[in-house]
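Chain by chain, the residues:
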Amino acid sequence: MSTTFQLDTSTSRANPTPQPMRRLTVPRIRARKVDGVTAEPLVMLTAYTARQAQLLDAHCDLLLVGDSLGQVIYGLPSTIPVTLDMMANHGAAVVRGSYHSVVVVDMPFGSYESSPEQAFESAAFLLKQTGAAAVKLEGGAAMAPTVAFLNSRGIPVMGHVGLTPQAVNVLGGYGARGRSDAEAEKIVSDAVALDEAGAFAIVIEGVVEPIAIASTKAVSCPTIGIGASAKCDGQVLVTEDMLGMFERVPRFVKRYEDIAGVIDRTVARYAEEVRNRAFPGDDQTYQPKD
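Calculation rules
Residues numbered from 1 in each chain as written. Predicted model: local features only at pLDDT ≥ 70, side-chain atom pairs only at ≥ 80, totals over all residues. Heavy atoms only, no water. Salt bridge = Lys/Arg side-chain N within 4 Å of Asp/Glu carboxyl O. Helix = DSSP H or I, 4+ residues; strand = E, 2+ residues; numbered from the N terminus. Axes fitted to C-alpha atoms, helices over the stretch in contact; angles between N-to-C directions. Left-handed = near helix turned anticlockwise from the far one by under 90°. Contact = heavy atoms within 4.5 Å. Nonpolar A, V, L, I, M, F, W, Y, C, P; charged D, E, K, R; others polar. Patch = residues over 30% accessible without salt bridge, like charges linked within 9 Å, V, L, I, M, F, W, Y side chains within 5 Å. Areas by Shrake-Rupley, 256 points an atom, 1.4 Å probe, with all protein chains shown as cover. Lys, Arg positive; Asp, Glu negative; His and termini not counted. Charge placed at Lys NZ, Arg CZ, Asp CG, Glu CD.

(A) How the structure looks around the pattern of salt bridges. Counting across every chain of the model gives four salt bridges. A salt bridge links Lys-33 to Asp-233; its shortest N-O distance comes to 2.9 Å. Pair noted here: Lys-33 is in strand E3 (residues 33-34) and Asp-233 is in the loop between strand E11 (223-226) and strand E12 (234-237), with a separation of 200 residues, a long-range link. Residue Lys-186 is joined to Asp-190 by a salt bridge in which the shortest nitrogen-to-oxygen separation is 2.7 Å. Taken together, the residues span about one helical turn, with Lys-186 and Asp-190 both in helix H8 (residues 181-197) at a distance of four residues.

So this is what it looks like as C-alpha cells:
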C-alpha cells in the first residue's frame, strides 16, 4: 500500500488517504498498440481541478490538463495567453485528485518552441511542480528533434498534429485540416516524424477522416483522435464540452448531458427559496440547545 493525496469529499480538503498504487504508466499506454492494432481504445478527457479529476479518473486511461483551460476556466479568447504557472497549478490539482490515470500536462504556447533546451526547462518545471507523468506539445516534424531531446532525458512526450490550436493565427481559424493533398501528406509525415522521435502517443485533431486513419496506420504509437476518426487508437474531448456546459461546441463534440441546464435550474430554485425565505430552513440552521 502507498499513500497518495486524495480529495476527502466529506471535508473538501486534500488529506493523505491510503490507496493502492494502481496508476497506469506511460509504457503501458504505449504498449496498448501491438502490431498496429489497439484492441481496446484509449479513453482520455481533459481535467483542470482535483474534484473533476476524482470524478473522471476511474473511467479514463489518461487525463489531459489541457491548455484549453484558458478558454474553459479563464474565459480567454484562445490558448495563446496560457502560462506555465497556470498549467502547473491545475496540473498539480489533477494529480492530487487522481490515482489511476496517466496525467499529461500541455506545454503552453511560447514555452518550448525556441529550442529543445527551452522545452526541457519548461517540461521539467511542469513535472516537478505537478507530479504528472508526461507533457504534450503541438507541432509535427519541426518539433521532432525536441521530442527526441526530451524523451532521451526522461520526459515522456505526447505529440499533437493536424489542427493545432496554438497555431491558430497561422492557420487562420479552427477549420478541419487535410483537405488538400499537400496538407494531408504533411499531417501523415508529421505524425511519422513524432513517432520516430519517441512520442508515446499522438493527438490527431480536426482532420478529415481518411487522413486520421492513414496517420494511425503509419505510426507505431497510439493515436488519440479529436474530430478525427473512431478508427484512431483512442479518443479525447474537452470534458465541459461533452457534458454540455457550453451552448456552442465544435461539430465533432457529442454532448452527452446538459449540465449547464441542470445548473441553471438548480440555481433558479436556490434563488427562489432565498427570496421567499424558504432557505435556510430548520435543517440548515443551528438552534439553541435545551
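There's plenty left to go through after this.
(B) Broad picture of the packing of helix H4 (residues 84-96) against helix H5 (residues 116-130). Closest axis-to-axis distance for the H4/H5 pair is 8 Å, and the angle between their directions is 35 degrees. Crossing of H4 against H5: the hand is right-handed. Residue-level contacts link Leu-84, Asp-85, Met-87, Ala-88, Gly-91, Ala-92 and Val-95 of H4 to Ser-122, Phe-125, Leu-126, Gln-129 and Thr-130 of H5. For the contact of H4 with H5, the residue count by class is seven nonpolar, four polar and one charged.

(C) Highlighting a negative patch on the surface. A surface patch of negative charge is lined by Glu-247, Glu-257, Asp-258 and Asp-264. Mapped onto the secondary structure, Glu-247 falls in the loop between helix H10 (239-242) and helix H11 (259-275).

(D) Broad picture of unusual backbone geometry. Omega for the bond connecting Phe-279 with Pro-280 falls within 30 degrees of zero, at 0 degrees, which places this linkage in the cis form. Mapped onto the fold, Pro-280 is located in the segment after H11. One non-glycine residue, Arg-277, lies in positive phi territory at about 65 degrees. On the secondary structure map, Arg-277 appears in the segment after H11.

In short, shape yes, function no, at least from these values alone.
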